[in-house]
Amino acid sequence: MPLYDHQNIKIYNTLSGEKDIFKSINAGYVGMYVCGPTVYSNVHLGNVRTFMSFDVIYRYLLHLGYKVRYVRNITDAGHLENDADVGEDRIAKKARLEEIEPMEVVQRYTVDFHNILNTFNFLPPSIEPTATGHIIEQIELIKTIIENGFAYEVNGSVYFDVHKYNESKNYGILSKRKLEDLIHNTRELDGQSDKKNPQDFALWKKAEPQHIMRWPSPWSDGFPGWHLECTAMSTKYLGDRFDIHGGGMDLKFPHHECEIAQNEAAKNQSPVNYWMHANMLIMNGKKMAKSTGNFILPNEIFSGKNPHITKAYSPSVARFFMLQAHYRSILDFTNDGLLASEKGFFKLLDAINLMDGLPTASTSTFLVSDWKQRCYDAMNDDFNTPILIATLFEAVKFINQVKDESATISKDDLSELKSTMHSFVFDILGLENVTKEDSGTDKLSSAVELLIQLRQEARANKDFAMSDKIRNELAAAGIQLKDGKEGTTFSTN
Ligand SMILES: [Zn+2]
């Protein structure tokens, strides 16, 4: 089959509510924008999952031969604590608490973000613009929206007039909300706000005296509204209308709804053809939250230093685990799931590494070209990575049969199988051919895991003298065992 065949890709489009056939605006080119992180804390694993979904989509489009311009922004100003345009700027608040400059907060967590994504083997985007680097573009956009009659100024702040907009356009087109319902469900702010209506959102906010992140504008010294930066940056680099806009499910409303409204108000057109939303990540069946302790930082997966996991996992194992769920499904992060993924992942790698030494025959007992087509079919069907992985495991089974001489493969088929496996596993899924030793399954962990198992057996047999001996001897060697609800973990000092 031809590699570059865009007619075959179907994308679930939040705007249409259906899987639409993908056709890029300019043949052979794709413009893709993904809302990046607000860099005021360590990147959340749920965000990593969202960005990983789009990393795989980016990789697949590149593999098909598209020239992709992938823009993912850094929000370093304008994102307030509260979506209703009140509260402190998240970055300024962190700077105040830590007694450092806001730009030190930005630098610290941008570096953390890049480190984590590099560790997970993400491809960098083509452009990574920042909100503070595009204040001029945002001010110009506000001027146009005011000129077109869709925004108004009050006391140095500028608000988008949602009610006016909804007279000629459709506010709610993406999130399928109706303005009447929003009005009904919004509590009045008792005149505390300058807004004409509570549904209006800020394009520019006048800075309070204590607000240190501020820029001059025709209306006041202040800062842009959060939704505005993505409209300014996406259209600057991708054009007034582009192919794909992605982000987490939580951004659908109001953030992405507002992006559409801003673009319609400024340029009289919808900015995006395909809106894609990645679902959320939960842990042990519950929402992940620092406050409840049901929480893990990405780095803790690699170190194993978190009570919810029993060992360290390599980044590729964690990546493989996450890609076993489709990006539109909720992903439940569990230690059992990671353990199972680790087994599966090394089974996959073992098979790939076996291919070099496989004997060939005159005929094949496996239809390689048919299998290869099914790999593409899986990805063409809204980037279905779990189906792709299941299809890859059909080849794993076959490779092991060839090794055991219960199946045969021709030389040409073997070379086709090898190159296809490499493309899908390493180039598209972005996994790395790591050894078990540098995957967190190091020799020490394996030995301690074995002792933990022996201790459990001793306890099951009521041989408490033995179980205590194992624990005490390990402690004497500087290895502490900790018994928890999810099994026994260990730490070294
Ligand atoms: Zn955004």
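Owing to the predicted nature of the structure, the values given are computational and were not obtained by experimental measurement.

Each value, and the rule that gives it
Residues numbered from 1 in each chain as written. Predicted model: local features only at pLDDT ≥ 70, side-chain atom pairs only at ≥ 80, totals over all residues. Axes fitted to C-alpha atoms, helices over the stretch in contact; angles between N-to-C directions. Helix = DSSP H or I, 4+ residues; strand = E, 2+ residues; numbered from the N terminus. Parallel < 35°, antiparallel > 145°, perpendicular 65-115°, else oblique. Contact = placed C-beta atoms within 7 Å. Nonpolar A, V, L, I, M, F, W, Y, C, P; charged D, E, K, R; others polar. Pairing = 2+ DSSP bridges. Domains from an automatic or database assignment. Core = buried A, V, L, I, M, F, W, Y, C linked by C-beta atoms within 7 Å. Buried ≥ 20, exposed ≤ 12 C-beta atoms within 10 Å, placed from the backbone. UniProt positions renumbered as here; feature names shortened; annotations may be inferred. Expected span 1.5 Å × (residues − 1). Arc of directions from axis to C-beta.

Student: For this particular structure, what's the right way to read the packing of helix α4 (residues 135–147) against helix α7 (residues 226–238)?
Tutor: Helices that pack against each other are described as a pair by the angle of their axes relative to one another and the distance between those axes. Between α4 and α7, the least distance of the axes is 9 Å, while the angle of their chain directions is 105°. Looking at the two axes, α4 sits roughly perpendicular to α7. Mapping the contact onto sequence places E137, Q138 and L141 in α4 and L228, E229, T231, A232 and K236 in α7. For the contact of α4 with α7, the per-class residue count stands at three nonpolar, two polar and three charged.

Student: What am I meant to see in the sheet that holds strand β11 (residues 281–283) here?
Tutor: Neighbouring strands of a sheet are bound in pairs by backbone hydrogen bonds; such pairs are parallel or else antiparallel. One open sheet holds the three strands; their spatial order is β12-β11-β13, and the pairing between them is mixed. Looking at which strands have only one partner, the edges of the open sheet turn out to be β12 (286–287) and β13 (331–333). The pairing of β11 with β12 spans two bridges and is classified as antiparallel. For I282, the partnering residue across the bridge sits in β12 and is K287.

Student: Would you mind going over the packing of helix α1 (residues 45–63) against helix α14 (residues 411–428) with me for this structure?
Tutor: Contact geometry of α1 with α14 gives a least axis separation of 9 Å together with a crossing angle of 140°. Classified by the angle their axes make, α1 and α14 are oblique. Residues V56, R59, Y60 and H63 of α1 pack against S423, D427 and I428 of α14. Residue composition of the contact of α1 with α14, grouped by class: three nonpolar, two polar and two charged.

Student: For this particular structure, what's the right way to read the domain arrangement of the protein?
Tutor: Quoted interface sizes are often the accessible area lost when the parts come together. When the domains of the protein are assigned, the result is domain 1 (6–278), domain 2 (282–438) and domain 3 (442–492). Counting from both sides, the interface comprises eight residues of domain 2 and, opposite them, eight residues of domain 3. Counted by class, the side of domain 2 that touches domain 3 contains two nonpolar, three polar and three charged residues.

Student: Can you help me understand the nonpolar core in this one?
Tutor: A general feature of soluble globular proteins is that nonpolar side chains tend to end up buried together. Ranked by size, the top nonpolar core spans 122 residues in total, and within it I142, I145, A151, F160 and L203 carry the most contacts. No other element matches α1, which puts 10 residues into this core. Counting contributing residues, this core receives three or more from each of domain 1 (6–278) and domain 2 (282–438). Those residues within four positions of L203 in sequence are excluded, and the remaining contacts are I142, I145, A151, V158, Y159, F160, P224, G225 and L228.

Student: Is there a simple way to explain the UniProt feature "short sequence motif: 'HIGH' region" (unreviewed entry) in the protein in this structure?
Tutor: The positions UniProt marks with the feature "short sequence motif: 'HIGH' region" (unreviewed entry) are residues 37–47. Measuring from the first to the last C-alpha atom of residues 37–47 gives 8 Å, for a span that is 27% helix and 0% strand.

Student: Sorry, what's going on with the environment of N8 here?
Tutor: One can find N8 in the segment before β1 (10–13). Sequence separation between N8 and T365 is 357 residues, and the spatial gap between their C-alpha atoms is 28 Å.

Student: Is there a simple way to think about unusual backbone geometry in this case?
Tutor: Outside of glycine, negative phi angles account for most residues, and trans bonds account for most peptide bonds. For the bond running from F253 to P254, omega is 0°, close enough to zero to count as cis. With respect to the helices, strands and loops of the structure, P254 is situated in helix α8 (residues 252–267). Even without glycine at this site, N155 takes up a positive phi of about 50°. For N155, the location among the structural elements is in the loop between β5 (151–154) and β6 (157–160). Of note, the phi angle at D382 is positive, near 55°, even though the residue is not glycine. Within the element layout of this structure, D382 appears in the loop between α12 (368–380) and α13 (385–403). Note on D382: 20 C-beta atoms within 10 Å, which makes it buried.

Student: Explain the sheet that holds β6 here, please?
Tutor: On the basis of which strands lie adjacent, the open sheet formed by four strands has the order β5-β6-β7-β8 and antiparallel pairing. With partners counted over all chains shown, the strands left at the sheet margins are β5 and β8 (222–224), one partner each. Strand after strand, the sheet turns through a mean of 20° between neighbouring axes, direction not considered. As judged from the three bridges shared by β6 and strand β7 (residues 201–206), these two strands associate in the antiparallel manner. Residue pairing for β7: F160 is matched across the bridge by F201.

Student: I tried to follow α4 on my own but got confused; where do I start?
Tutor: The periodicity of an α-helix, 3.6 residues per turn, causes residues three or four places apart in sequence to face the same way. Along its 13 residues, α4 runs 19 Å from first to last C-alpha, staying within 8% of the 18 Å computed at 1.5 Å per residue. Of the residues making up α4, those classed as buried are Q138, I139, L141, I142, I145 and I146. The buried residues of α4 occupy an angular sector of 160° when the element is viewed end-on, so they sit on one face. Along α4, the residues that are exposed and aim more than 90 degrees away from the buried face are I136 and E147.

Student: What should I look at first to understand the pairing of β1 in this one?
Tutor: Where a strand is regular, its side chains alternate between the two sheet faces. Across the two faces of β1 the burial differs, with I11 and N13 buried and K10 and Y12 not buried at all. Examined bridge by bridge, β1 and strand β2 (residues 18–21) share four bridges and lie antiparallel to one another. Looking across to β2, one finds that I11 is bridged to D20. If you look at the hairpin formed by β1 and β2, you'll find four residues sitting between the two strands, and G17 has a positive phi there, around 75°.

Student: Any chance you could explain the environment of Y152 here in plain terms?
Tutor: Position of Y152 relative to the elements: it lies in strand β5. For Y152, a count of 18 C-beta atoms within 10 Å puts it in the partly exposed group. Each C-alpha atom of the pair Y152 and D413 lies 66 Å from the other, and the pair is 261 residues apart in sequence.

Student: I would appreciate a short explanation of the pairing of β5 in the present structure.
Tutor: Here four bridges tie β5 to β6, and the two strands are oriented antiparallel to one another. Residue pairing across strands places A151 opposite F160, the latter belonging to β6.

Student: Sorry if this is basic, but what is going on with the environment of T489 here?
Tutor: Locating T489 in the fold gives a position in strand β15 (residues 487–492). A count of 21 C-beta atoms within 10 Å places T489 in the buried class. Along the primary structure T489 and C375 are separated by 114 residues, whereas in three dimensions their C-alpha atoms are 38 Å apart. In contact with T489, other than residues within four places in its own chain, are P307, T310, K482 and G484.

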